[in-house]
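Summary of structural features
Take a look at the letters that make up each chain.
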Amino acid sequence: MPAPVGHIRNPFATRSSASPDLGNANIIARAPEGFEALSTDLAEMAAQGVQIIIIDGGDGTVREVISRAPSIWAAAGWPPPRYAIIAHGNTNLIARSAGKLRPRDIDELICDPRRFRETQLRVMLVDRPGEPPMMGFIMGVGAYEVATRLAQRDIAARHGLQVILAILKLLRSPELHRPNRMGFGIDGGDDMAEDRMLVGISTLPGALLYRLQPFWGNGKGPLRWLDIRARPRRLWFAVPFIAFGRPLRWMRDDYRSGRAHRIRLNLTSPFVMDGEVFDSGTDGTVSISAEETATFLSSR
């Protein structure tokens, strides 16, 4: 008999009602309604030897599962599980890189996981004083947080179009021009606070959405970063060149990007991690690294 497969469904996800009716006896299916319930359900799965978790939801559901599962599986004496994403969230940027599982392929996944495409992604680890560590893939501060808030509050469109509309609305918003004081240090470098418009960080490879890839530049490491200073020159004109990662020469002073192994932020405002807003901790010091990987299975 094949090993059981875990299924975590976010009951509050945008398209949660589209989740399949699971009747397979080898599936341990749970729909936790809070973080404590999620940890309890994951501990039950680890105790029963689950080595694959189907994550049924959006980016936030993926973030919460992968933030908890590795330590729970280690406590049970297991290596971290593999994951498969059924993309039923509002935005599903992680699934664009990790790959998606078709609901009709669940039974086949249980019987023979070897038939599925395997993708390894670097996972961002975010440490804040006074808060538990968080793992994820896309982080943003400043105008990124404003754009997320505007999208959740004012834009009815869903999925990728929501993000694009939020950006266009942000460009017309007075909040865009409000300086955000923050420190940004790369690989142990200077993190003295400056006025910035936006900082974005991601470990996802390639384009994030509709061929948009707002990262460029030199450096080594799995963390791709974008740093835009407050009141940058010719913002409207610069946006398409930022979006496709092809800056012009005159942009180099106000628009920077590169790669790093470690990043240190000193924040006075919240940040966004995989589509949700979080407090920056007791003193605003946020340390970011990406030494671990997560393995995802997807339909071919």
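1. Considerations on the overall build of the chain
- For the chain, the helix and strand inventory stands at 7 helices and 15 strands.
- Counted over contacts in the chain with a minimum sequence separation of 6, partners at least 24 positions apart contribute 70%.
- For the chain, the exposed area adds up to about 14,300 Å²; of that, 51% sits on carbon and sulfur atoms.

2. Details of the confidence of the model for the chain
- Summary statistics for the chain give a mean pLDDT of 88 and a share of 88% for residues scoring 70 or more.
- In the model of the chain, helix H6 (residues 160–171) stands out as the element of lowest mean pLDDT, 60, in contrast to strand S5 (residues 117–127), which has the highest, 97.

3. Some points on the packing of aromatic side chains
- Under the criterion given, the structure shown has 7 aromatic pairs.
- Summarising the aromatic geometry, the rings of Tyr-83 and Phe-296 are spaced 5.7 Å apart at their centres and angled 40° between planes, so their arrangement reads as tilted. Of this pair, Tyr-83 sits in strand S4 (residues 82–87) while Phe-296 sits in strand S15 (residues 285–298), and the two are 213 residues apart along the sequence. Here Tyr-83 and Phe-296 have matching classes, each one buried.
- With centroids separated by 5.4 Å and ring planes inclined at 45°, the aromatic side chains of Phe-237 and Phe-241 adopt a geometry described as tilted. Placement of the pair is Phe-237 and Phe-241 together in helix H7 (residues 235–243), with a separation of 4 residues, close to one helical turn.
- Linked through ring pairs, Phe-237, Phe-241, Trp-250 and Tyr-255 together constitute an aromatic cluster.
- For the cation-ring pair, Arg-234 lies above Phe-237, with the distance from its terminal atom to the ring centre recorded as 4.8 Å.

4. What about the nonpolar core?
- Counting residues in hydrophobic clusters, the biggest one holds 44 residues, and the most contacted among them are Leu-42, Ile-53, Trp-73, Tyr-83, Phe-137 and Phe-296.
- Looking at which element gives the most residues to this core, the answer is helix H2 (residues 59–75), with 6 residues.
- Within the second largest apolar cluster, 21 residues are counted, among which are Ile-263, Met-273, Val-286 and Ile-288.

5. Here's the deal with the pairing of strand S10 (residues 223–229)
- Counting buried residues along S10, 6 of its 7 residues qualify, which places the element largely inside the surrounding structure.
- In this sheet, S10 lies alongside strand S9 (residues 193–202) in antiparallel orientation, the contact comprising 6 bridges. By the bridge assignment, Leu-198 is partnered in S10 with Ile-228.
- Inspection of the sheet shows S10 paired to strand S11 (residues 255–260) by 6 bridges, in the antiparallel sense. Following the sheet pairing, Arg-224 is matched in S11 by Arg-259.

6. Details of unusual backbone geometry
- A positive phi is found at Asp-187, a non-glycine position, where the angle reads about 50°.
- Positioned with a positive phi, Asp-274 is a non-glycine residue whose angle comes to about 50°.
- Note on placement: Asp-274 falls in the loop between strand S13 (271–273) and strand S14 (276–278).

7. Regarding the environment of Trp-236
- Along the chain, the position of Trp-236 falls in helix H7.
- On the basis of relative accessible area, Trp-236 is assigned to the exposed category, the value being 52%.
- For the pair Trp-236 and Arg-172, spaced 64 residues apart in the sequence, the C-alpha separation amounts to 9.8 Å.

8. Points about the environment of Ile-263
- When you line up the elements, Ile-263 lands in strand S12 (residues 262–267).
- On the basis of relative accessibility, which here comes to 3%, the residue Ile-263 falls in the buried class.
- For the pair formed by Ile-263 and Ala-290, sequence separation is 27 residues and the distance between their alpha carbons is 9.8 Å.
- Excluding residues within four positions of it along the chain, Ile-263 makes contact with Phe-184, Gly-185, Ile-201, Leu-223, Trp-225, Val-286, Ser-287 and Ile-288.

9. Topic: the packing of helix H1 (residues 35–47) against H2
- Where H1 contacts H2, the two axes come as close as 10 Å, and the packing angle between them is 45°. Relative to H2, the element H1 lies oblique. As for the relative orientation of H1 and H2, their crossing is right-handed in sense. Counting all contacts with H1, which are made through Phe-35, Leu-38, Ser-39, Leu-42, Ala-43, Met-45 and Ala-46, the residues of H2 involved are Glu-64, Val-65, Arg-68, Ala-69, Ile-72 and Trp-73.
- Residues that form the contact of H1 with H2 fall into these classes: 10 nonpolar, 1 polar and 2 charged.

10. Section: H2
- Taking 1.5 Å of rise per residue, 17 residues should cover 24 Å, and H2 covers 25 Å from first to last C-alpha, within 8% of that figure.
- At Ala-69, H2 is deflected by roughly 30°, the largest bend along its length, and proline Pro-70 occurs up to four residues later in sequence.
- In terms of burial, H2 is largely enclosed, as 13 of its 17 residues are buried.

11. Overview of the pattern of salt bridges
- Tallying each qualifying case throughout the model produces 15 salt bridges.
- The residue Asp-105 makes a salt bridge to Arg-102 at a minimum N-O spacing of 3.0 Å.
- Residues joined in a network through salt bridges with shared partners are Arg-63, Glu-64, Arg-68 and Glu-276.

Rules and cut-offs
- Residues numbered from 1 in each chain as written.
- Predicted model: local features only at pLDDT ≥ 70, side-chain atom pairs only at ≥ 80, totals over all residues.
- Heavy atoms only, no water.
- Helix = DSSP H or I, 4+ residues; strand = E, 2+ residues; numbered from the N terminus.
- Contact = heavy atoms within 4.5 Å.
- Areas by Shrake-Rupley, 256 points an atom, 1.4 Å probe, with all protein chains shown as cover.
- pLDDT = per-residue confidence, 0-100.
- Phe/Tyr/Trp six-rings, centres within 6.5 Å; stacked < 30°, edge-to-face > 60°.
- Buried < 20%, exposed > 50% of the residue type's maximum accessible area, 1.4 Å probe, protein only.
- Lys NZ or Arg CZ within 6 Å of the ring centre and 35° of its normal.
- Core = buried A, V, L, I, M, F, W, Y, C linked by side-chain atoms within 4.5 Å.
- Pairing = 2+ DSSP bridges.
- Axes fitted to C-alpha atoms, helices over the stretch in contact; angles between N-to-C directions.
- Parallel < 35°, antiparallel > 145°, perpendicular 65-115°, else oblique.
- Left-handed = near helix turned anticlockwise from the far one by under 90°.
- Nonpolar A, V, L, I, M, F, W, Y, C, P; charged D, E, K, R; others polar.
- Expected span 1.5 Å × (residues − 1).
- Bend = angle between axes of the 7 residues up to and from the residue.
- Salt bridge = Lys/Arg side-chain N within 4 Å of Asp/Glu carboxyl O.

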